[in-house]
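This is what each chain is made of:
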Amino acid sequence: MRYVSTRGGMAPQSFTQILLGGLCPDGGLAVPERYPQVDAAELAAWRKLSYAELAYEVMRKFCDDIPPDDLRALCAKTYTKEAFRSEAITPVKTLEPGLHILCLSNGPTLAFKDMAMQLLGNLFEYVLAKSGERINILGATSGDTGSSAEYALRGKRGVNVFMLSPLGKMSAFQTAQMFSLQDANIFNIAVRGVFDDCQDMVKTVNKDAAFKQRQRIGAVNSINWARVAAQVVYYFRGYFAVTSGRNSANEEQVAFAVPSGNFGNICAGHIARMMGLPVAQLILATNENNVLDEFFRSGRYRVRPSSQVAQTSSPSMDISKASNFERFVYDLVGRDSDLVKELWSKVDAGGEFDLAGTPYFANVQEYAFVSGSSTHADRLATIRRVYQDYGVMIDTHTADGLKVGLEQRRPGLPLICLETALPVKFAQTMREALGRDPDYPPGSEKLESLAQRFELMDADAEAVKAHIARHSGV
Ligand SMILES: *Cc1c(COP(=O)(O)O)cnc(C)c1O
C-alpha cells in the first residue's frame, strides 16, 4: 500500500514513511493510492473478532511495511479493557429499536480521539525505536486533541510533547486532565492569549526550517493519516453491533451520524464505505460554525476567517476550515489532483470555491453524504430529551450529531450516532441543560483537585523555541 498527495506532488511513500510527517511537501494530504476492499466473506469473518483483532485486520490493509506480528501486538497492547474500561472497547447503547449510540469516549481522556491516538502513540514508539530517532511533538489545543495526544505519548521512549493551550479558555476538567500529568516527557505551556495565538506560535516555529530540523519537530494533528485509518475500525464495529449478519443476500444497510469539526471522524466513515461497508447514509452534523453543512447543502466551501469563528458549547467543533476535507474532495472530483490543487490554492489564500452546478457536486449523494447543523438551543433540547426519554446523558457534541441524525435519517434505516465525548468534559452546559452535574466516570472524581504542572508564557514563538531547546535533550 502506497500513499500519494491529494495535490499530486509527492512520489509514492509507504505507511511508516508518512506516519511521522504532517502535510505532504506540496501542501496536500497523504491518501492511499486506492482503497483496500473488504468482500462479503471477510465482512462475515470480521464480525466475530475482538476490537483489537479487528483493528489489526483493518490496519493491515493500510500498513504493509510493519511486520504482521508486530502490528498485531501493537493493536493488542492498545485496545485493552484496562485502557477503554470495557471488553467491547466501543459498546453500543440502544435508545430504542433502530436508534443507537456508539460509545467512543471511554478511553483515558473521555473523548473519541483516544480511539486513534492511543494506537498512534504505540506506533510512534515502535517506529522511533527501530530507527533510533527522537521526535519532539509540538501542538496547540483548545481541549480534546492536546489531552488525547498527551495521554497517548506520556512515558513513551523517544518522544517529548510540547502542548500550547490558551490560559483559562478550556473547561476545568479539560485543563485538569492535561495539567495534572507529571510525566517527564510532557510539557504543558499555558499561553496568555486565545487558541489562534497558540496555533500561530506553532506555525511560526515550523517556519524556522533549521530549528525544526535540529529539534526534530513533529505533529500529531488531525491530518495524520494513521489517525484517520485507525478510526475506520469503529465504523465496522458499529455496523456489526446493530446488524444481524444473517441477511447476506439482501445486504443490511445503516446510517451514521457524526458531529464534525475537522472532518477527521467522518472521513474515516467515508473510507469504511469505500472499502465496502454497507453504509447508506453518512450524516454530517456541524454546530453554529457550519462551513461543512454549507458545502453539503450548496456546493460552496467558504472558509471563515478566525475572527468569524463562534465560540460555542460544542467547542471541539469550532473550526474555521476543516483540515481533512481535502481528502474527501479528492475522491469527489474523481481523484483529479490538479483540480484539488487549484481549489486549495483558493482556500489557502483565504478564499472559497463553489462546486454547485458541476457534475462533481451531484456525486455528493452517491457518496451517501447529507448534512445539517445544530445550535445551542438545539443542543440543550436534545440533551434534555434524551435524558428524559431514555435516562441517558449525552455530551454537547454528541447531541449535535443526534439532532441532525434524527432530522436526516431515512426511515427504516438503523441510525448509529457517534458519541465523541463524555458529558463530564462540558459540565457547565450539562448543568444548563439538566440542572444537575454530569456523572463522573469512576476514577475521574478527584482529577480537578490534583496538583497541576505547566509553564506560563506570553504569545511569543521565540519563548517557545527557547523552552523546547532547554528541555528537548537535543
Ligand atoms: C475532535 C472532536 C470532534 C470533531 O471531530 P473531527 O474529526 O474534527 O470532525 C467532535 N467532538 C469532539 C468531542 C471532539 O473532540
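This one's a predicted model, so the numbers in the text were calculated from it and none came from an experiment.

**Q** Lay out the side chain of Asp183 with the relevant residues and their values.
**A** Secondary-structure assignment places Asp183 in the loop between helix H8 (172–179) and strand E7 (186–192). With sequence-adjacent residues up to four places away left out, Asp183 is seen in contact with Arg154, Gly155 and Arg453.

**Q** Requested: an account of the nonpolar core, with residues and values cited.
**A** Within the largest apolar cluster, 113 residues are counted, with the highest numbers of intra-cluster contacts made by Phe236, Phe263, Tyr301 and Phe325. Considering each element in turn, this core owes the most residues, 13 residues, to helix H11 (residues 225–242). Ignoring any residue separated from it by four or fewer positions in sequence, one finds Phe236 in contact with Val38, Leu43, Trp46, Leu54, Val58, Ala272, Met275 and Leu277.

**Q** Which residues make up the pattern of salt bridges, and what values go with them?
**A** Taken as a whole and judged by the stated rule, the model has 24 salt bridges. Between Arg60 and Glu57 there is a salt bridge, and its shortest N-O distance comes to 3.1 Å. Note that Arg60 and Glu57 are positioned in helix H3 (residues 51–62) at a spacing of three residues, about one turn of the helix. Among the residues examined, Glu57 registers a relative accessible area of 17% and is labelled buried.

**Q** Tell me about the site of the ligand, and name the residues and values.
**A** Near the ligand you find 15 residues, and of these Lys113, Asp144, Gly261, Asn262 and Asn265 are the closest. With respect to the ligand, the side chain of Thr420 contributes an N or O atom lying 2.9 Å from a nitrogen atom. Within the complex, 97% of the 390 Å² of free accessible area of the ligand lies under protein. Residues belonging to the shell around the ligand are distributed by class as follows: five nonpolar, eight polar and two charged.

Definitions and limits used
- Residues numbered from 1 in each chain as written.
- Predicted model: local features only at pLDDT ≥ 70, side-chain atom pairs only at ≥ 80, totals over all residues.
- Heavy atoms only, no water.
- Helix = DSSP H or I, 4+ residues; strand = E, 2+ residues; numbered from the N terminus.
- Contact = heavy atoms within 4.5 Å.
- Core = buried A, V, L, I, M, F, W, Y, C linked by side-chain atoms within 4.5 Å.
- Buried < 20%, exposed > 50% of the residue type's maximum accessible area, 1.4 Å probe, protein only.
- Salt bridge = Lys/Arg side-chain N within 4 Å of Asp/Glu carboxyl O.
- Near = heavy atom within 4 Å.
- Polar contact = N/O pair within 3.5 Å; in protein donor to acceptor, adjacent residues only side chain to side chain.
- Areas by Shrake-Rupley, 256 points an atom, 1.4 Å probe, with all protein chains shown as cover.
- Nonpolar A, V, L, I, M, F, W, Y, C, P; charged D, E, K, R; others polar.

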